[in-house]
Amino acid sequence: MFRVELDRDACEGIFACLVRDDRFVEDEAGLATVDPDAAGVVDVDREGERVIATFEGGVDDAELAAAACPPNAITVRAEDDTTTDPGGER
Ligand code: SF4
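J.: Help me understand the overall build of the protein chain, please; the structure alone is not making it clear to me.
T.: Counting its regular elements, the protein chain contains 1 helix and 6 strands. Secondary structure of the protein chain in N-to-C order comes out as β-β-β-β-β-α-β. Intrachain contacts of the protein chain at a sequence separation of at least 6 include 55% that bridge at least 24 residues. Of the roughly 5,600 Å² that the protein chain leaves accessible, carbon and sulfur atoms contribute 43%.

J.: Would you take a moment to explain the sheet that holds strand E4 (residues 41-47) for this structure?
T.: Two modes of strand pairing occur in sheets, parallel and antiparallel, and in both the strands are linked by backbone hydrogen bonds. Ordered in space as E4-E5-E1-E6, the 4 strands form an open sheet in which the pairing is antiparallel. This sheet does not close on itself; its edge strands, each paired only once, are E4 and strand E6 (74-78). Strand-to-strand twist across the sheet, computed as the mean angle between neighbouring axes with direction ignored, equals 20°.

J.: What am I meant to see in helix H1 (residues 59-68) here?
T.: Because each turn of an α-helix spans 3.6 residues, side chains separated by three or four positions end up pointing in the same direction. Of the residues making up H1, those classed as buried are Ala62, Ala65 and Ala66. Summarising the axial view, the buried residues of H1 lie within an arc of 100°, below the 170-degree limit, and thus occupy one face. Opposite its buried face, H1 presents the exposed residues Asp60 and Ala67, each directed more than 90 degrees away.

J.: How should I be thinking about the nonpolar core in this particular structure?
T.: In this structure, Val4, Leu6, Cys17, Phe24, Val34, Phe55 and Ile74 are the most contacted members of the largest nonpolar core, which totals 20 residues. In this structure Val4 touches Phe24, Val51, Ile52, Ala53, Phe55, Ile74, Thr75 and Val76, once residues within four positions along its chain are discounted.

J.: What am I meant to see in the side chain of Asp21 here?
T.: Examined against the element boundaries, Asp21 turns out to sit in the loop between strand E1 (2-7) and strand E2 (24-26). Within polar-contact distance, the side chain of Asp21 engages the side chain of Arg23 at 2.8 Å. Excluding residues that lie within four positions of it along the chain, Asp21 makes contacts with Phe55, Gly58, Asp61, Ala62 and Ala65.

J.: Explain the site of the ligand to me, please; I cannot follow it from the model alone.
T.: Not every one of the 13 residues close to the ligand is listed here, only the nearest: Cys11, Ile14, Phe15, Cys17 and Cys69. For the shell around the ligand, the residue count by class is 11 nonpolar, 1 polar and 1 charged.

J.: What is the right way to read the pattern of salt bridges from this model?
T.: Think of it this way: side chains of opposite charge can pair up when their charged atoms draw near. Applying the stated rule across the entire model yields 8 salt bridges. In this structure, the salt-bridge partner of Arg50 is Glu5, at a minimum N-O distance of 2.7 Å. Here Glu5 lies in strand E1 and Arg50 lies in strand E5 (residues 50-55), a separation of 45 residues in the sequence. For Arg50, a relative accessible area of 33% puts it in the partly exposed group. Owing to a relative accessible area of 10%, Glu5 belongs among the buried residues under this scheme.

Cut-off values and rules
- Residues numbered from 1 in each chain as written.
- Predicted model: local features only at pLDDT ≥ 70, side-chain atom pairs only at ≥ 80, totals over all residues.
- Heavy atoms only, no water.
- Helix = DSSP H or I, 4+ residues; strand = E, 2+ residues; numbered from the N terminus.
- Contact = heavy atoms within 4.5 Å.
- Areas by Shrake-Rupley, 256 points an atom, 1.4 Å probe, with all protein chains shown as cover.
- Pairing = 2+ DSSP bridges.
- Axes fitted to C-alpha atoms, helices over the stretch in contact; angles between N-to-C directions.
- Buried < 20%, exposed > 50% of the residue type's maximum accessible area, 1.4 Å probe, protein only.
- Arc of directions from axis to C-beta.
- Core = buried A, V, L, I, M, F, W, Y, C linked by side-chain atoms within 4.5 Å.
- Polar contact = N/O pair within 3.5 Å; in protein donor to acceptor, adjacent residues only side chain to side chain.
- Near = heavy atom within 4 Å.
- Nonpolar A, V, L, I, M, F, W, Y, C, P; charged D, E, K, R; others polar.
- Salt bridge = Lys/Arg side-chain N within 4 Å of Asp/Glu carboxyl O.

Right, dumping it as structure tokens:
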């Protein structure tokens, strides 16, 4: 799982994100948001103009969407850092 933040204050409605990850959709205001019913969307919260979502799977698509966004309105990061690394210690 990973966390996706979409800053709608920065979003310019270019929709480069939509074609790279269909969990991003256009809303009635003409800005991008996250479809809470899309496959791979675990949770969507809204804090003002900030959309905070938890995605499951398809991190490559989300990262492509973030990279394609001209105003960098999308941030993708690991939800939690509980990954174990058994090879990390000798
Ligand atoms: S690519 Fe960026 S600016 Fe364009 S709609 Fe998506 S979030 Fe908004």
